[in-house]
Amino acid sequence: MLSVVLSGLRARWASFLGGFLALALGVGLLTTMGLGLSATFHAPERSPQRFASSPVVVQGQDRLTLDVRRGPDTVPVSQRLDRPQPVDKELVRELRTRWPLTESGGPDAVGLDAPADEVRALVGDRAQVLTGDARRNADPDPERDAQALVGLNALLGTTGGVTAFVSVFVVASTFAFAVALRRREFGLLRTAGATPGQVRRMLLAEATALGVLASAAGCALGAAGAPLLARALVDGGLAPGWFAVGDAVWPFHLAFWTGLTVALAGAVAASRRAGKVGPTAALREADVDTDVLPLGRALLGAGLLLTGLGLLVWTYATEPSELLKRKTYTTLPMLLVGGVALLSPLLVRPVARLLRLRGAVGTLVRENSAASVRRTAAVAAPVLVTVALAGTLFGSAASVTQTRGVEAREQTAAQYVVSGEELKPVAAAALPAGAVVSPTASTSLFVRDGAEAVVKYGARAVADPAAFAGLARLPVVAGDLRDLDDRSIVVNEEFERHRIGETVEIWRADGSGPVRLRVVAVLALGTGDNGPYVTRANAPGAPLDRIEASGGGAATARALEASGGTVRTAAAWAAADHPASSPQTRLGMILVLGIALVYTVIGLANTLLMATSVRGGELASLRLAGATRAQILRVVTGEAVLATAIGTLLGLAVTAAVLGTLGAGLASLSAPVALVLPWAVVGAAAAVCATVAVASSALPAWRLTR
């Protein structure tokens, strides 16, 4: 058996080359992503900076801790405050009477050179006592390193998931199509006395040999590519400058065994079909494909498709805001793509029959594509994957971002918007007559969600409620914005208590509270930026970061410059605050799509080279029937283009389902529906697929018709 397997690998190395490259690339990418992912689990240990010379630091509380219910018991849950609380002045006085203090940059912390135990005994629970490496918690933005890795962790995890999905799909398709082309060979083996079990074991042995070699090559490729990926992520702004891959071992084990499992999994179904080939069935097989969709594949495809559609509908019906999140519009389309791709043999023939291609060449292209379902579906499926990923990923991200920009513009009647980190209030005397100015600040509110959780909401603090009510065009579903005052709050429908007149218990951004505020208006949820709103009395220490103004024309714009921020028209502010896509997001999407496109190129090239190379008898018959060499080349390349077009149409159908559900979800959230179909990206992906398909079919056809 081993000699037969090795002889088969040597004789058919060209047909295994595509599967080898796809698997090696997949293992290499998984290794690279795993090494990058392992480096995101721990931020570098930085030494304290602000109080580097002080052995002990006393800092105000920087977390709000509340008791919540967990089953029959209660447990403390902490949420980080926007900024640490100031150290109590009386405590500072007591510390100063005993030890010299070092004050650096604010009232939230002081440093001192004293025994830590004595300091803790004096401080008690009035503040935090930090020693050793914990002193860096008093530095500005102490969690910036960890926060910088959150988005990178999600990107690498998503990319690894896409890599695994596409590699499984391409490798399994390659094995299935290669086995379909070898039915006559299996028939001869059965005629020579081979049992179905021997045929299956032969194919599994080939897959094992291919999997081991490709996985080993992929691990070496991943080890070389990981430092390059880290450098590209840093240069592209996706990772902080200190980011570098580590020396973790688990990514190599995970990638190698995943690659071997993928190779065996891709061969199992194909080997079962190969074992069912009778001694003479392959010898009398016609050129028209039959039994192209086994029951197992049909059930799996239908299950994936129904699951994907069901999850889309369920998410829309229960949590439409989840449709706006990257995790949702990255993972759910994969179920739809997998389902449609597995069921593609059922869809290829009807679509091909519907086309009306002119002339003898066009008729032959259409009929050959409809008759050779396996070949057409094997070409259309990887195109479907690439087009669907391009349409859903880029389209969903662009649609969500554009919707937020449109929503922001529609929610204000201001002519001008000033933005900045710490704006100065504009004196009323400096404003022209008729000007209305509404300053607001970013803040946070902490609210109990039932008895089991504490939720931190990003909120806005209003300095002038009357001006705010005059300029705001928020989606109010109940109540009146004009009733907002220091004892009330504007909430959205996400709040547990969101009826007019109900009381909401909140803790402020500095941890003070609880404060009971009366609900005076309720907003639709929108894209997630609608409220809550409070007055500045409930946002102590929050600096102004936005000023909206209307009336007075250019004189108002000149007066607003005194605030120290950037003055823009409302439309320009909305466009700048909600750009079409950030460079980091675009680079991440290109990385994911690039992986899918590379796999598609490998799958297309391998499938068409194999498929066209075994059509020597068919092409010779066409020559004998009077077809010229140019006509034969047009038939072969036309079939490749038609299969690519079918894959593109199926990919667009998946994209339409995802974007349509997203649009319905936006409408149910009372947000503007601004869907974007990235025609340029989809068109470029389809064009690359068509070019590779034409070249991969034309080259062997040219050789066979010499």
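Residues numbered from 1 in each chain as written. Predicted model: local features only at pLDDT ≥ 70, side-chain atom pairs only at ≥ 80, totals over all residues. Heavy atoms only, no water.

Looking at the sheet that holds strand β4 (residues 101-103)
If you walk across this open sheet you meet the four strands as β4-β5-β1-β6, and the pairing is antiparallel. Only two strands of the sheet have a single neighbouring strand rather than two, namely β4 and β6 (128-131). Within the sheet, the average angular offset between the axes of one strand and its neighbour, ignoring direction, is 30 degrees. Here strand β1 (residues 56-59) pairs with strand β5 (residues 109-112) via four bridges, running antiparallel. Within β5, the residue paired with Gln59 across the bridge is Ala109. Relative to the sheet, helix α3 (residues 89-98) contacts β1, β4 and β5, its axis offset from that of β4 by approximately 135 degrees. (Pairing = 2+ DSSP bridges. Helix = DSSP H or I, 4+ residues; strand = E, 2+ residues; numbered from the N terminus. Axes fitted to C-alpha atoms, helices over the stretch in contact; angles between N-to-C directions. Contact = heavy atoms within 4.5 Å.)

Some words on empty space enclosed by the protein
Counted by the stated rule, this structure contains five cavities of 30 Å³ or more. Of the pockets and cavities examined, the largest cavity occupies roughly 90 Å³. Ser369, Arg375, Thr376, Val379, Leu608, Thr612, Arg615, Val636, Glu639, Ala640, Ala643 and Ser697 together form the lining of the largest cavity. Taken together, the elements giving at least two residues each to the lining of the largest cavity come down to α13 (373-410), α17 (583-613) and α19 (629-668). Examining the composition of the lining of the largest cavity, we find that four residues originate from one element, α19, more than from any other. Taken together, the residues that form the lining of the largest cavity break down as five nonpolar, four polar and three charged. Of the volumes computed, that of the second largest cavity is approximately 70 Å³. Along its surface, the second largest cavity is lined by Leu312, Leu323, Thr328, Tyr329, Leu332, Pro333, Ser396, Val658 and Leu662. (1 Å grid on protein atoms, 1.4 Å probe; cavity = no way out; pocket = protein on both sides within 12 Å on 5 of 7 lines; lining within 4 Å. Points joined across faces, edges and corners; volume = space filled by probe spheres on them. Nonpolar A, V, L, I, M, F, W, Y, C, P; charged D, E, K, R; others polar.)

Some thoughts on the nonpolar core
Where a protein is soluble and globular, its nonpolar side chains tend to be buried together. Val166, Leu233, Phe243 and Tyr599 are the most contacted members of the largest nonpolar core, which has 84 residues in total. The leading source of residues in this core is α13, at 15 residues. What Phe243 contacts, discounting residues up to four positions off in sequence, is Gly36, Ala39, Thr40, Leu149, Leu152, Ala230, Leu233 and Val234. (Core = buried A, V, L, I, M, F, W, Y, C linked by side-chain atoms within 4.5 Å. Buried < 20%, exposed > 50% of the residue type's maximum accessible area, 1.4 Å probe, protein only.)

A word on a nonpolar patch on the surface
Taken together, the side chains of Phe41, Trp250 and Leu254 present a nonpolar region at the surface, about 320 Å² in accessible area. Classification of Phe41 as partly exposed rests on a relative accessible area of 47%. (Patch = residues over 30% accessible without salt bridge, like charges linked within 9 Å, V, L, I, M, F, W, Y side chains within 5 Å. Areas by Shrake-Rupley, 256 points an atom, 1.4 Å probe, with all protein chains shown as cover. Salt bridge = Lys/Arg side-chain N within 4 Å of Asp/Glu carboxyl O.)

With respect to the environment of Glu505
Among the structural elements, Glu505 can be located in strand β12 (residues 503-507). When residues no more than four places from it in sequence are discounted, the contact partners of Glu505 are Phe446, Val447, Arg448, Pro514, Val515 and Arg516.

Comments concerning unusual backbone geometry
Cis geometry is found at the peptide bond from Gly513 to Pro514, where omega equals 5 degrees. Tracing the backbone shows Pro514 in the loop between β12 and β13 (515-523). Of note in the backbone geometry, Ser670 takes a positive phi value of approximately 60 degrees without being a glycine. In this structure, Ser670 sits in the loop between α19 and α20 (679-704).

Looking at the side chain of Glu639
Residue position: Glu639 is located in helix α19. Judged by its relative accessible area of 5%, Glu639 falls in the buried class. There is a polar contact of 3.1 Å between the side chain of Glu639 and the side chain of Arg375. Contact partners of Glu639, with chain neighbours within four places excluded, come to Leu364, Val365, Asn368, Ser369, Arg375 and Arg615. (Polar contact = N/O pair within 3.5 Å; in protein donor to acceptor, adjacent residues only side chain to side chain.)

Observations regarding the packing of aromatic side chains
In total, this model carries four aromatic pairs according to the counting rule given. Both rings, one in Phe256 and one in Trp257, keep their centres 5.1 Å apart while their planes meet at 90 degrees; by these two values the pair is edge-to-face. Ring geometry for Tyr457 and Phe495: centres 4.3 Å apart, planes at 20 degrees, overall stacked. Of this pair, Tyr457 sits in strand β9 (residues 453-462) while Phe495 sits in the loop between β11 (488-492) and β12, and the two are 38 residues apart along the sequence. According to the relative accessible area criterion, Tyr457 is buried, its value standing at 12%. On the accessibility criterion, Phe495 (3% relative accessible area) is buried. A cation over a ring is seen here: Arg629 above Trp702, with NZ or CZ 3.5 Å from the ring centre. (Phe/Tyr/Trp six-rings, centres within 6.5 Å; stacked < 30°, edge-to-face > 60°. Lys NZ or Arg CZ within 6 Å of the ring centre and 35° of its normal.)

Quick look at the pairing of β11
Within β11, five of the five residues are buried, which leaves it mostly tucked inside the rest of the structure. Residues Ser488, Val490 and Asn492 line one face of β11 and the alternating positions Ile489 and Val491 line the opposite face, and both faces are buried. Bridging between β11 and β13 involves five bridges; their strand directions are parallel. Its bridge partner lying in β13, Val491 is registered against Val522.

What about the environment of Ala559?
Within the element layout of this structure, Ala559 appears in helix α15 (residues 554-560). By relative accessible area, Ala559 is classed as buried at 10%. Linking Ala559 and Trp242, residues 317 residues apart in sequence, is a C-alpha distance of 43 Å. If we ignore the near neighbours within four places in the chain, the residues touching Ala559 are Val426, Ala430 and Leu431.

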